[in-house]
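# Secondary and tertiary structure notes
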Amino acid sequence: MTGRPLFLSYSDTTAEPTSRLDESGLKTLLGPPAGTRRHPRYRPTTPSAQAHHADSRAYASSIDDAGQSQDPEDLPGLPVIGSTGWRYEVDEHSGTVWKIRRGKEVTWEVLLDWAPYVSERLVVLGDDGKSAGRYYTITIGADTLTKSLSDLRTPDGWNDFSDDSGAASRATREVLINIITDQGKRLPRIPVVTHTGWHNLPDTGLTYVYADARTYPPDRLVRVIGAPQQLRRAAEPLDRVASEKECRQAVEAITEHGWAPLMALAVGARSIAHTLRPLSATFVFDAEPNSGKTSAANTARSLLLTPRPHAWPPVPTKGMNSTVTDIECALDFEGDMPILLDDIPLTRASSGAEVREMEKKLELVIRAAGNATEIKGRRNRDLTAKPGNQVRSIPVIAAQMLPPAMQESLYRRAVVAYLSREGGEVDWRWYKNGGGDSLAVPLRTIGDRVIAHLYEHRDTVREYLEELEQRAARQLAPYIDKALPDRSDSMEGVITAASGMASGLGLVAAVTGLQMRNLVSTLAAPLAASLARQSARMEEQSTAQGGVATAVGEALRKAFFQKRAHVRDAKGLARPAVPGQGEQDQGLTYRRDTESWDGRGPALYWLPNRGPALGITSRNLNMLLKASGDPRVSGFVDRSLPDALLQAGALHRNLSQKDRVTSHRVRVGADNLRLLLLKPDLIWDVPT
């Protein structure tokens, strides 16, 4: 196809068109008389094009664009339904689009010497099984692409076609869209899904769809859209399949080199069954740097993905440094497959903004997974509800440090495995020296066999998975009871989630010929110990978040009384500035020799026009809190303290700076200071 416009008409300058009278007595143009030049007729040559042409002719109406009876053989191509005065003809290799010219005679102008050829009509299936959108596989020149109908309505939707010359105007694109939909409605509907995993397809029933569009059972008619190229490549099948003996040896090798990779393997296997019986929780590695957290997490990921061309590093769902929207969309696509969010790069030196950003992302992921709700609600332009992205599997998050002030409610919705570099949770040296590479083929085989195994149990799969969870819970119970004899009610949900994750070893055992009891017993004791540590952390967070404000008030009252801190006014002068409070309550001493007030230690500035508030630098406040020895407030670092205080309601929020919500810029005398503004009623009963 070329982009050169052609102009052809029915008649030449010497011939008059023939006509006849219709019932109303008006002349109807029938076409050129014999011997005159006609438009170039398209005659299909290939069998598929001939079949399509025959169907199109049968479908075409004998009503012309003016609404008057006319022989279709005297018109070029087919009418463009919805675009009056346009016609088209197309097959896989060529096409033409005509536009009518009206005057003394009817002529047809070849507007485009190409037309979009549609080979597939793809119908998106929503979570309820109903149609939720349309895609078309379109050929224009040398390009064959799949485009959504909504994309085609925008100019950018055509940019990927290199041979679409002449389609720049909106009016022409609307005609082309009508040509595409006209062809599409005569093609069979091919189901399209927007995420991997288990789907109930029309006419075929339960089907697992891989990221590279393969299915189980094989050769089911379905497409998947939205898979990144790197993910599709990693999901492609390997050159060979491991034997059952190789699979057993791989699982035994994992067992011998740390309990954390074995737990990750369990989580990965259970993730494959998430839609069949949801497990609403997140698995988190809270690990020291270089302790093998990514190697452990990749054990789960490797059940369905193998990085190409190199086996390392693994292909994550997303890195935690990605944007919230990017993470959200990636989570929504990866259904019923091991999810890996790698890596939370926090350290004790991380800024408050970095900590808050990670807290926000963890809040979205862990809470949405734990509550089985959409990640973030959205609305259409007319304010009707828009389908939101969801967490469709069990997320695995690798972190070298969780935010110090992460809410206790998030810990309740997650199972945390604590890893140290030399603790033996992961034999990272074995993985580093190539041990993990030897697992690639067996793990992929295990993943495929788990899918086939679940399909075999499709009629009773929920009951089967529930039985595995109960078996895991019974086997873990003695170890957990020993490690957590007096646990809180909030830990019961965590223990249930941990048992559900461990039940994935039942699926692994079923497809490798191993015993589930032996696998679970390997990780039972260290998992229980890790849960005990998580329980202690949850209690610390609950106490800290419930008593931080009170602890700050007590620590500052004590500091004032012991003359380790003092109050100054808004001009920076040491004097009793807080109304209703004595000099000793404000850490001040009157010096008779100089007739002035004196204060030792850090200064807190009384700012009556700021709330009122007491202003102090973050460093000075943290120094006073550490000196108090109160465990509720003595464990913070300078950068994490402001967020914890704000969350506890001890600070006035900065509403004018989104990136500095915890601190304020305040003029004190001649100085311009960055201060935390404490609420004074934490310390005294200040009269209003």
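Residues numbered from 1 in each chain as written. Predicted model: local features only at pLDDT ≥ 70, side-chain atom pairs only at ≥ 80, totals over all residues. Heavy atoms only, no water.

To continue, consider the overall build of the chain. For the chain, the count of helices and strands is 18 helices and 27 strands. A total of 688 residues make up the chain; the buried ones form 51% of that total. Across the chain, every contact between residues at least 6 apart in sequence was considered, and the portion connecting residues at least 24 apart equals 65%. For the chain, the accessible area works out to roughly 31900 Å², and carbon and sulfur atoms hold 48% of it. (Helix = DSSP H or I, 4+ residues; strand = E, 2+ residues; numbered from the N terminus. Buried < 20%, exposed > 50% of the residue type's maximum accessible area, 1.4 Å probe, protein only. Contact = heavy atoms within 4.5 Å. Areas by Shrake-Rupley, 256 points an atom, 1.4 Å probe, with all protein chains shown as cover.)

Scanning all chains against the criterion turns up 25 salt bridges. Here Arg-270 and Glu-469 are joined by a salt bridge, their closest N and O atoms 2.9 Å apart. Of the two residues, Arg-270 is situated in helix α6 (residues 259-271) and Glu-469 in helix α13 (residues 461-483); the sequence distance between them amounts to 199 residues. Here the two residues Arg-270 and Glu-469 agree in accessibility, since each one is buried. Here Glu-469 ties to Arg-277 by a salt bridge, and the two come within 3.2 Å at their closest N and O atoms. Residue Glu-469 is found in helix α13, and its partner Arg-277 is found in the loop between α6 and β15 (282-287); the two are separated by 192 residues along the sequence. (Salt bridge = Lys/Arg side-chain N within 4 Å of Asp/Glu carboxyl O.)

Quick look at the side chain of Gln-586 now. Mapping Gln-586 onto the fold places it in the loop between β21 (566-568) and β22 (588-591). Classification of Gln-586 by relative accessible area gives buried; the value is 0%. For Gln-586, the side chain forms a polar contact with the main-chain nitrogen of Ala-577, separated by 3.0 Å. A distance of 2.9 Å separates a polar side-chain atom of Gln-586 from the backbone oxygen of Gln-581. Setting aside its immediate chain neighbours within four residues, Gln-586 contacts Phe-560, Ala-565, His-566, Val-567, Arg-575, Pro-576, Ala-577, Val-578 and Gln-581. (Polar contact = N/O pair within 3.5 Å; in protein donor to acceptor, adjacent residues only side chain to side chain.)

Cis geometry marks the peptide bond from Tyr-216 to Pro-217; its omega dihedral reads -5 degrees. For Pro-217, the location among the structural elements is in the loop between β13 (215-216) and β14 (223-224). Despite not being glycine, Asp-219 shows a phi value in the positive range, around 65 degrees. Of note, Asp-219 is situated in the loop between β13 and β14. Even without being a glycine, Ala-372 presents a positive backbone phi close to 55 degrees. Note that Ala-372 resides in the loop between α9 (352-371) and β17 (378-379).

Of all five residues in strand β12 (residues 205-209), four are buried; the element is thus mostly enclosed. The turn linking strand β11 (residues 197-201) back onto β12 is made up of three residues, and Asp-203 within it adopts a positive phi angle of 75 degrees. Note that β12 and β13 share two bridges and pair antiparallel. Residue pairing across strands places Val-209 opposite Thr-215, the latter belonging to β13. Connecting β12 to the next strand, β13, in antiparallel fashion are five residues, including Ala-213 with a positive phi near 80 degrees. (Pairing = 2+ DSSP bridges.)

Glancing now at the sheet that holds strand β5 (residues 95-101). The antiparallel open sheet is built from four strands, whose spatial order is β3-β4-β5-β6. Both outer strands of the open sheet, β3 (78-79) and β6 (107-112), are each paired with one neighbouring strand and no more. As paired strands, β3 and strand β4 (residues 86-90) are joined by two bridges and run antiparallel to one another. Looking at the pairing, Leu-78 lines up with Tyr-88 of β4.

At a minimum axis separation of 6 Å, helix α5 (residues 244-256) and α6 run at an interaxial angle of 135 degrees. Taken together, α5 and α6 sit at an angle that is classed as oblique. Contact residues: α5 offers Val-251, Ile-254 and Thr-255, while α6 offers Pro-261, Leu-262 and Leu-265. (Axes fitted to C-alpha atoms, helices over the stretch in contact; angles between N-to-C directions. Parallel < 35°, antiparallel > 145°, perpendicular 65-115°, else oblique.)

This paragraph deals with α13. Counted at 1.5 Å a residue, the expected span for α13 with its 23 residues is 33 Å, and the 32 Å between its end C-alpha atoms agrees. The largest bend along α13 reaches roughly 45 degrees and is located at Ala-477, with the proline Pro-478 sitting one to four residues downstream. Among the residues making up α13, those that are buried are Val-461, Tyr-464, Leu-465, Leu-468, Glu-469, Ala-472, Gln-475, Leu-476 and Ile-480. (Expected span 1.5 Å × (residues − 1). Bend = angle between axes of the 7 residues up to and from the residue.)

Our next topic: the nonpolar core. Among the nonpolar cores identified, the biggest contains 121 residues, and Trp-198, Phe-283, Phe-285, Ile-344, Leu-454, Met-501 and Leu-531 are the most heavily contacted of them. Those residues in contact with Leu-454, other than ones at most four positions away along the chain, are Trp-198, Ile-272, Ala-273, Leu-276, Val-461, Leu-465 and Leu-507. Ala-405, Val-548, Leu-641 and Ala-650 belong to the second-largest nonpolar core, a separate cluster that totals 35 residues. (Core = buried A, V, L, I, M, F, W, Y, C linked by side-chain atoms within 4.5 Å.)

On to the sheet that holds strand β16 (residues 339-344), then. With parallel pairing, four strands are arranged side by side in an open sheet as β16-β19-β15-β20. At either margin of the open sheet sits one strand with a lone partner, and together these are β16 and β20 (414-419). Within this sheet the neighbouring strands show an average axis-to-axis angle of 20 degrees, counted without direction. As defined by bridge partners, β15 adjoins strand β19 (residues 395-399) across four bridges and the pair is classed as parallel.

A separate point is the environment of Arg-653. Looking at the element boundaries, Arg-653 is found in the loop between α18 (641-647) and β26 (664-668). When the C-alpha atoms of Arg-653 and Leu-678 are compared, they prove to be 9.7 Å apart, with 25 residues separating the residues in sequence. When near neighbours in sequence (up to four residues on either side) are disregarded, Arg-653 contacts Leu-646, Val-661 and His-664.

Let us look at the packing of aromatic side chains. This model, assessed by the stated rule, comprises eight aromatic pairs. For the pair Tyr-208 and Tyr-210, a centre-to-centre distance of 5.2 Å together with 75 degrees between the ring planes defines the contact as edge-to-face. Considered together, Tyr-208 and Tyr-210 belong to a single accessibility category, that of buried residues. Three or more aromatic residues joined by ring pairs make a cluster, and in this case those are Trp-198, Tyr-208 and Tyr-210. Over the ring of Tyr-210 we find Arg-214, and its NZ or CZ is 4.0 Å from the ring centre. For Arg-458, the ring lying beneath its charged end belongs to Tyr-455, and the centroid distance is 4.1 Å. (Phe/Tyr/Trp six-rings, centres within 6.5 Å; stacked < 30°, edge-to-face > 60°. Lys NZ or Arg CZ within 6 Å of the ring centre and 35° of its normal.)

So, about the environment of Ala-167. In this structure, Ala-167 sits in the loop between α2 (149-152) and α3 (170-184). Residues Ala-167 and Pro-155, spaced twelve residues apart in sequence, show a C-alpha to C-alpha distance of 9.3 Å. Setting aside residues up to four positions removed in sequence, Ala-167 forms contacts with Trp-114, Thr-172, Arg-173 and Leu-176.

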